[in-house]
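# Commentary on secondary and tertiary structure
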Amino acid sequence: PYGFVSRTSSNSIRSIITATYPASQLSKYNHKLVRLAKDGQTSCLPIFDKCREILESNVKPDLTTYCVLLQAHERNNDLEAILRTFEEMQLAGVPPNISAFNIGLGAAATHGDTVVLEKIRDMLHKSALEPNANTYEIIIQGLCANQELEHALDLLGDMTVSVNEKGVPDENGRPTIDIPPTLQCYTPIIQLAVKLHESETAYLVLKMAEVQAGLSRLPPTLYIEVMARAAEDYVFYAVEYCWNKGVKQMGAYPDEGTCMLILNCAGHEKAPRLAAEVIQYMAQIGMVFQEYHFAPLFQAFFLAGKYKSAFNVLSIMRTSGLRPTYLTTTSILKALRGPAQIEEAFLCMKEMHQEGKKVDVVAINILIEAYGRHNDLTRATTIYETAPLLGVEPDTDTYNALLIGCLMNRNITEGRNVITMMHRSGVDPNVDTYQSLINLCLTQINYEDAFMYLEELKSHGVIPPESVYTGLVRKLARENDPRIKYVIEEMESFRYAVGPSLREYIETGGLSSVMKAERRRQIRKTRRINSRPLVLKKANVA
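Since the structure is predicted, the reported quantities are computational estimates derived from the model, not experimental observations.

### Re the overall build of the protein
Within the protein, the regular secondary structure consists of 30 helices and zero strands. Here the protein, with 542 residues, has 46% of them falling under the buried criterion. Working note: accessible area of the protein is about 27600 Å², and carbon and sulfur atoms make up 52% of it.

Shown next as structure tokens:
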């Protein structure tokens, strides 16, 4: 079979020519073998033919011959042949040297076969030869190729001194292997840890490479890999370190996807400084900004309690030609855990107005919704009424935010008042408006208006969302309303599926968990009876 080009190419071949003499017949054979091995495009068959010729000539092969043969087997991806060659070398009285063992280890590592790798390591141990740095590189690469991260870390640990989270080495620790690890030892472990979402491990090994091996100039791409995965896993200290070292000091260039991961991490971890630096970097390299780039920056400032800076982000967006939306600020709703925080943010907003800074309607809307979700409809309405005094003109999302408060309070009267104010202001409703109105009607005993708003929504040429029909079907099921049949037909006409859970809800009529379980038991029993053959049914009746 044909193989692939070995990693141990001409340099390795030159290093193993130590046992032949120019005048000998074997020397001529070996010279031809080495020349064939150097030609990466050549098939391994000529090498095997030449070895057969040596055998037929009754010439005893030496270390060079066997090393070229090992490389041919490596190129052929034939690990069993490599093991047989090592056995043959021992029988022929030509013990392998460390370069020969490295060829075999490299083949097993490339193939990801740790069983063969361990067999060759055992042969190496019995030979009493001392492994070199290349040996450990190959072994670690093989372990990582087979995703044996813990095994690779154990071997690396024997070559190094342990470090803490900040990368400071243990002063009392001593490595058990007196060979310092190279970059090729660290890199596959870091990359495997990244692949397995072991971000903390990847960061610590990166620090080990810097501190212990003196590899202060690791490839910038390695920092990008660790930083991106750490950002995805929200390991902030690793993200911050890799940003400072890899990007700011070494000049690495993260792409937009990586920048977005870092921004999301910074927003989640209340790190506005890092988020601002990423935005600045993106501007410097000419990336085109979108609304979603600024949302994490807004979140980072807001979660850090820097409300004015967060509101200023909205102004910066508008200056940049971007329109803030509900999605820009929605992430902070969970952060506004109580009225005190909402009121503090509102006071900052009023201070901004007094300082001559523009207050954005999106900021007003999020505070109105936050009060509504905390069941304080009165305070939500107060902020709405204050909006004109702050130079803010309410928009559709403002009224939708008020409707969410009405929905949370099940206050249909206030909901109708919101619609009246909306019409007086000349603001048009959208799909979210109708969805909130319909859901609000469904909280009432008299829910006839839900059908009215549904028809009004359809009159605008809009297909109602699936969630609207789901809520309506559930209400009709609970009320045992015969109109459920027509709603389901309309729902299916829009290609919305009535899933198993919804069908079960319809069948049980939205009963309590105990009653529902009993109802399900009765339904299953009825279905079993109906599925029996007719003869059995008659027998049961008899």
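### Here's the deal with the packing of aromatic side chains
Inspection of every chain in the model, using the stated rule, returns 13 aromatic pairs. The interplanar angle of 50° and the centroid separation of 5.2 Å between the aromatic rings of F289 and F294 together place this pair among those described as tilted. Measuring from centroid to centroid gives 6.0 Å for F302 and F311, while their planes differ by 75°, and the two rings are edge-to-face. One aromatic cluster is present, formed by F298, F302, Y307 and F311 through successive ring pairs.

### Some points on the UniProt feature "repeat: PPR" (unreviewed entry) in the protein
Mapped onto the present numbering, the UniProt feature "repeat: PPR" (unreviewed entry) falls at residues 62-96, 360-394, 395-429 and 430-464. As annotated, residues 62-96 has a helix share of 74% and a strand share of 0%, and its two end C-alpha atoms lie 10 Å apart. What you have in residues 360-394 is 66% helix and 0% strand, and the ends, taken at the C-alpha atoms, are 10 Å apart.

### Focus on a negative patch on the surface
Judged by side-chain charge, E150, D154, D158, E198 and E200 come together as a negatively charged surface patch. Counting residues per element, the negative patch draws most heavily on helix 9 (residues 149-159), at three residues. In this fold, E198 is placed in the loop between helix 10 (183-195) and helix 11 (199-211).

### Looking at the packing of helix 17 (residues 307-319) against helix 19 (residues 339-354)
Contact geometry for helix 17 and helix 19: axes closest at 9 Å, N-to-C directions at 60°. On the basis of their axis angle, the class for helix 17 and helix 19 is oblique. Helix 19 is crossed by helix 17, and the crossing has right-handed handedness. Here Y307, K308, F311 and N312 of helix 17 lie close against helix 19, whose contacting residues are Q341, E344, A345, C348, M349, E351 and M352.

### As for helix 9
For an α-helix the count is 3.6 residues per turn, leaving residues at separations of three or four pointing the same way. Among the residues of helix 9, L149, A152, L155, L156 and M159 are the ones counted as buried. The buried residues of helix 9 occupy an angular sector of 130° when the element is viewed end-on, so they sit on one face. Considering only its buried residues, helix 9 is in contact with helix 7 (114-127), helix 8 (133-145), helix 10 and helix 11.

### A look at the packing of helix 11 against helix 12 (residues 220-232)
Two quantities define a packed helix pair, namely the angle between the axes and the distance from one axis to the other. Packing of helix 11 against helix 12 brings their axes to within 9 Å, and their N-to-C directions diverge by 155°. Viewed along their axes, helix 11 and helix 12 adopt a mutual orientation that is roughly antiparallel. Once helix 11 is placed against helix 12, the crossing between them reads as left-handed. Of the residues in helix 12, those touching helix 11 at S199, A202, Y203, L206 and E210 are L222, Y223, V226, R229 and A230. Among the residues making up the contact of helix 11 with helix 12, the classes are represented as seven nonpolar, one polar and two charged.

### Comments concerning the environment of N417
Here N417 lies in helix 23 (residues 412-424). Separated by 14 residues in sequence, N417 and L403 have C-alpha atoms that sit 9.7 Å apart.

### Details of helix 22 (residues 396-409)
With 14 residues, helix 22 should cover 20 Å at 1.5 Å per step; its first-to-last C-alpha distance of 20 Å lies within 8% of that length. The element helix 22 is extensively covered by neighbouring structure, given that ten of its 14 residues are classed as buried. Every buried residue belonging to helix 22 is among T396, T398, Y399, N400, A401, L402, L403, I404, G405 and C406, and all of these are buried. With a side-chain oxygen lying 3.2 Å from the backbone nitrogen of D397, the N-terminal cap of helix 22 falls on D395. One or two residues past the end of helix 22 sits R410, with phi positive at roughly 55°.

Parameters at a glance
Residues numbered from 1 in each chain as written. Predicted model: local features only at pLDDT ≥ 70, side-chain atom pairs only at ≥ 80, totals over all residues. Heavy atoms only, no water. Helix = DSSP H or I, 4+ residues; strand = E, 2+ residues; numbered from the N terminus. Buried < 20%, exposed > 50% of the residue type's maximum accessible area, 1.4 Å probe, protein only. Areas by Shrake-Rupley, 256 points an atom, 1.4 Å probe, with all protein chains shown as cover. Phe/Tyr/Trp six-rings, centres within 6.5 Å; stacked < 30°, edge-to-face > 60°. UniProt positions renumbered as here; feature names shortened; annotations may be inferred. Patch = residues over 30% accessible without salt bridge, like charges linked within 9 Å, V, L, I, M, F, W, Y side chains within 5 Å. Salt bridge = Lys/Arg side-chain N within 4 Å of Asp/Glu carboxyl O. Lys, Arg positive; Asp, Glu negative; His and termini not counted. Charge placed at Lys NZ, Arg CZ, Asp CG, Glu CD. Axes fitted to C-alpha atoms, helices over the stretch in contact; angles between N-to-C directions. Parallel < 35°, antiparallel > 145°, perpendicular 65-115°, else oblique. Left-handed = near helix turned anticlockwise from the far one by under 90°. Contact = heavy atoms within 4.5 Å. Arc of directions from axis to C-beta. Nonpolar A, V, L, I, M, F, W, Y, C, P; charged D, E, K, R; others polar. Expected span 1.5 Å × (residues − 1). Polar contact = N/O pair within 3.5 Å; in protein donor to acceptor, adjacent residues only side chain to side chain.

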